[in-house]
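# A structural walkthrough
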Amino acid sequence: SQQGEEDPQALSIQEGENATMNCSYKTSINNLQWYRQNSGRGLVHLILIRSNEREKHSGRLRVTLDTSKKSSSLLITASRAADTASYFCATDKVKGGSEKLVFGKGTKLTVNP
Amino acid sequence: DAGITQSPRHKVTETGTPVTLRCHQTENHRYMYWYRQDPGHGLRLIHYSYGVKDTDKGEVSDGYSVSRSKTEDFLLTLESATSSQTSVYFCAISESIVTGRTDTQYFGPGTRLTVL
């Protein structure tokens, strides 16, 4: 069953705008990760946030985690056409099978030049 | 994709035939995973390995088997391919720094399989 669910399923913005994607999950986690997938390619890791962290930055990426609401958000600032891709959140589980990740269905981001 | 290769990259086969996909890594990572990706379903775990000859089932393991005889190779076999197994298959690897926790996974380029 899906642990993480992204919202929205698709997002279209203009270059220079910010893009925000959300992820909700169901059970307690050790960490939450965000991955990017360009069309026809494998997933690429973007950022990992641990359950005891609330916010993390990496370049133009900002991730927040609210464990009380079981949700996370990924913010891409000053978007570029090259950011066009699908974005996935992935979570592990505190109990049982924590070596495995469960991926959401993804948000498809289109950045128009 | 660095350090992970998948073969073949594309395959078309017929229903009922056996198919083996290969994942090869040069990173000496402990964990290896097979996922399938389908529209509307995202990425789903088929099987994974936590060491040589140590494997376990994932969410959608029916109809698939795996083997890992060497650290660097993880094989996925469809004993008798069906049209429902038409998909894009991704291999991933990870090395858990902290025992029992999963850290970053690194993905291969994928294999597009079509079962007619």
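The sections below set out a description of the structure shown in this document. (Residues numbered from 1 in each chain as written. Chains lettered and ligands numbered in written order. Predicted model: local features only at pLDDT ≥ 70, side-chain atom pairs only at ≥ 80, totals over all residues. Heavy atoms only, no water.)

## Some thoughts on the sheet that holds strand β6 (residues 55-58) of chain A
Residue and element names in this part refer to chain A. On the basis of which strands lie adjacent, the open sheet formed by 5 strands has the order β1-β3-β8-β7-β6 and antiparallel pairing. The open sheet has two free edges, formed respectively by β1 (4-7) and β6, since each of these has just one partner strand. Neighbour-to-neighbour, the strand axes of this sheet turn through a mean angle of 20 degrees, independent of strand direction. As judged from the 4 bridges shared by β1 and strand β3 (residues 19-25), these two strands associate in the antiparallel manner. Bridge assignment links Glu6 to a residue of β3, and that residue is Cys23. (Pairing = 2+ DSSP bridges. Helix = DSSP H or I, 4+ residues; strand = E, 2+ residues; numbered from the N terminus. Axes fitted to C-alpha atoms, helices over the stretch in contact; angles between N-to-C directions.)

## With respect to the interface of chain B and chain A
Facing 24 residues of chain B, the contacting portion of chain A comprises 23 residues. Buried surface at the junction of chain B and chain A, both sides included, amounts to about 1,900 Å², of which 46% is carbon and sulfur. Counting the contacts that link chain B with chain A gives 0 salt bridges. For the pair chain B and chain A, the number of links is 3 residue pairs in polar contact (both at pLDDT 80 or more). Of all elements in the fold, only β4 (31-38) and β5 (42-51) of chain B reach the threshold of two or more residues within the side of chain B that touches chain A. (Contact = heavy atoms within 4.5 Å. Buried area = accessible area lost by both parts, 1.4 Å probe. Salt bridge = Lys/Arg side-chain N within 4 Å of Asp/Glu carboxyl O. Polar contact = N/O pair within 3.5 Å; in protein donor to acceptor, adjacent residues only side chain to side chain.)

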